[in-house]
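This is what each chain is made of:
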Amino acid sequence: MITITKTFLPKIEEFQSILARAWQSKWVTNRGELVLELEKRIKDYLSVSNIIATTNGTIPLQIAIKLFANQGEVITTPFSYVASTSSIVWEGATPVFVDIDPEYLTIDETKIEAAITNKTTAILATHVFGNPCNVEVIESIAKRHNLKVIYDAAHCFGVLYKNKSVFNYGDISTCSFHATKLFHTAEGGAMFCNDKDIYHKLFYSHNFGHNGALSFHGLGINGKMSELQAAMGLAVLPHVPLILKERKKVVDIYLSKLDSDKLQFLKIRENTNWNYAYFPIIFESEGVLLQVEKALNSNNIIPRRYFYPSLNNLTYVDNVRMSVSDSISKRILCLPLYLGLKVSELNKLCLIINENISQP
Ligand SMILES: *Cc1c(COP(=O)(O)O)cnc(C)c1O
């Protein structure tokens, strides 16, 4: 069976030899040597100024929203994984959706200002599929209206925008190191920021608010990454260049073999070094998508409908119409993409798609 993704696992010996250090120290969590080393290595690899490793990629969103949203309105994208919206609601803030650009699939920055009210506190946008938002325009809007910017950069490990990690943009960027992501720690994530003050707040927020053992800086929660997760990260990280290279090969085959007259591909923003995190294709209609999905499934190939439904249709938000996101989310399918896919498998996959792509 060919699934949407396959978790990259290093040789078990590589993982075990790092894990052995936790056994030696008898220290399995609370920011032990492995978490500290992982943070340092990622910082060096990505050239970012501050990182805090976390236990998943959702808690950093919640912490960022808690810090910035103040239970106000948060302008956000309807086209993302559910965590982008559910975190806003979970923290008692109100998501205000702004439709997406039909080609980049990121929030349409030209529509943001019309959605700002006197209750707006923050913008939470997703660099969806690793494709950066228009960070410059968003930054200038945020400055003009005194708003904070949070980027859900869950898909962005290794993405460069204008030759620096996309995690450098916004007040806070969050990432996920879930097993389905390009770099992973089984479960895990991180938050990134440039500002020292924000770093301090994020830091104590992810550790119950602690200021030493006996006093507290303020309110906090538990978002700490364990040593066991960090061991996985340290074992996977050296393979990231290979992972990126192999993913690019798969994407290049898709781009050359799939029928580009009948399909829309993701447009990557200018000045981006992409990480080939996902390979979405957009069909002419949902009918064609269902037809292609059925044909793939009957050949034991399991793509995923990332992202459906459009998040403005969730039961716990105000249901507004988002014409672009509503339409795209019905017609978009992500194809299998991981290290180890064979050329013969990819050829077959492309053939099945091309043969089933005409209107039913
Ligand atoms: C994966 C993902 C998350 C959540 O990350 P977890 O590590 O699974 O908690 C958040 N946002 C987006 C866009 C994601 O794809």
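Predicted model, so just to flag it, every value in this text is computed and none were measured.

Would you mind showing me how to read helix 7 (residues 227-236) here?
One full turn of an α-helix is made of 3.6 residues, so residues set three or four places apart face in the same direction. Among the 10 residues of helix 7, nine are classified as buried, and the element is accordingly described as predominantly covered. Listing the buried residues of helix 7 in full gives Glu227, Gln229, Ala230, Ala231, Met232, Gly233, Leu234, Ala235 and Val236. On its buried side, helix 7 packs onto helix 1 (12-25), helix 2 (33-46) and helix 8 (240-257).

Just to check I follow, could you spell out the pairing of strand 2 (residues 50-54) for this structure?
Strand residues, when the strand is regular, have side chains that alternate between the two faces of the sheet. By the criterion of burial, strand 2 is predominantly enclosed, with five of the five residues buried. Neither face of strand 2 is left uncovered, since the one carrying Asn50, Ile52 and Thr54 and the one carrying Ile51 and Ala53 both have all their residues buried. Here strand 2 runs beside strand 10 (residues 189-193); their pairing, made up of five bridges, is antiparallel. Looking at strand 10, one finds that Asn50 is bridged to Cys193.

What is the right way to look at the pairing of strand 9 (residues 172-176) in this model?
Of all five residues that make up strand 9, five are buried, and the element is covered over most of its length. The two faces of strand 9 match: Ile172, Thr174 and Ser176 on one face and Ser173 and Cys175 on the other face are all buried. Of the strand pairs in this sheet, strand 6 (residues 148-152) and strand 9 are connected by three bridges, and their pairing is parallel. Within the sheet, the bridge partner assigned to Tyr151 lies in strand 9 and is Ser173. The pairing of strand 9 with strand 10 spans four bridges and is classified as antiparallel. Bridging across to strand 10, Ser176 finds its partner in Gly189.

What should I look at first to understand a nonpolar patch on the surface in this one?
On the surface, Trp23, Val28 and Leu228 cluster together into a nonpolar patch covering about 310 Å² of accessible area. Within the element layout of this structure, Val28 appears in the loop between helix 1 and helix 2.

Which parts of the structure should I look at to understand the sheet that holds strand 9?
Strand pairing within a sheet occurs via backbone hydrogen bonds; the two strands may be parallel or antiparallel. Here we have seven strands laid out as an open sheet, ordered 2-10-9-6-5-3-4, and mixed in their pairing. Because the sheet does not close on itself, it has two edges, and the strands there are strand 2 and strand 4 (94-97). Between one strand and the next, the sheet's axes are offset by a mean angle of 25 degrees, whatever the strand orientation. Here strand 5 (residues 120-126) runs beside strand 6; their pairing, made up of five bridges, is parallel. The residue bridging Ile123 from the neighbouring strand is Val149, located in strand 6. This element, helix 3 (residues 59-68), spans strand 2, strand 5, strand 6, strand 9 and strand 10 of the sheet and lies at about 170 degrees to strand 6. Its contacts with the sheet place helix 6 (residues 196-205) against strand 2, strand 9 and strand 10, and it is angled at close to 15 degrees to strand 2.

Please explain the environment of Asn163 as it appears in this structure.
Note that Asn163 resides in the loop between strand 7 (160-161) and strand 8 (164-165). Along the backbone, Asn163 and Asn271 are 108 residues apart, and their C-alpha atoms lie at a distance of 7.7 Å.

Help me understand the sheet that holds strand 15 (residues 280-282), please; the structure alone is not making it clear to me.
In space, the three strands of this open sheet follow the order 13-15-17, with antiparallel pairing throughout. In the strand order of this sheet, the two ends are held by strand 13 (264-265) and strand 17 (332-334), each with one partner. The pairing of strand 15 with strand 17 spans three bridges and is classified as antiparallel. Within the sheet, the bridge partner assigned to Ile281 lies in strand 17 and is Leu333.

Rules and cut-offs
- Residues numbered from 1 in each chain as written.
- Predicted model: local features only at pLDDT ≥ 70, side-chain atom pairs only at ≥ 80, totals over all residues.
- Heavy atoms only, no water.
- Buried < 20%, exposed > 50% of the residue type's maximum accessible area, 1.4 Å probe, protein only.
- Helix = DSSP H or I, 4+ residues; strand = E, 2+ residues; numbered from the N terminus.
- Contact = heavy atoms within 4.5 Å.
- Pairing = 2+ DSSP bridges.
- Patch = residues over 30% accessible without salt bridge, like charges linked within 9 Å, V, L, I, M, F, W, Y side chains within 5 Å.
- Areas by Shrake-Rupley, 256 points an atom, 1.4 Å probe, with all protein chains shown as cover.
- Salt bridge = Lys/Arg side-chain N within 4 Å of Asp/Glu carboxyl O.
- Axes fitted to C-alpha atoms, helices over the stretch in contact; angles between N-to-C directions.

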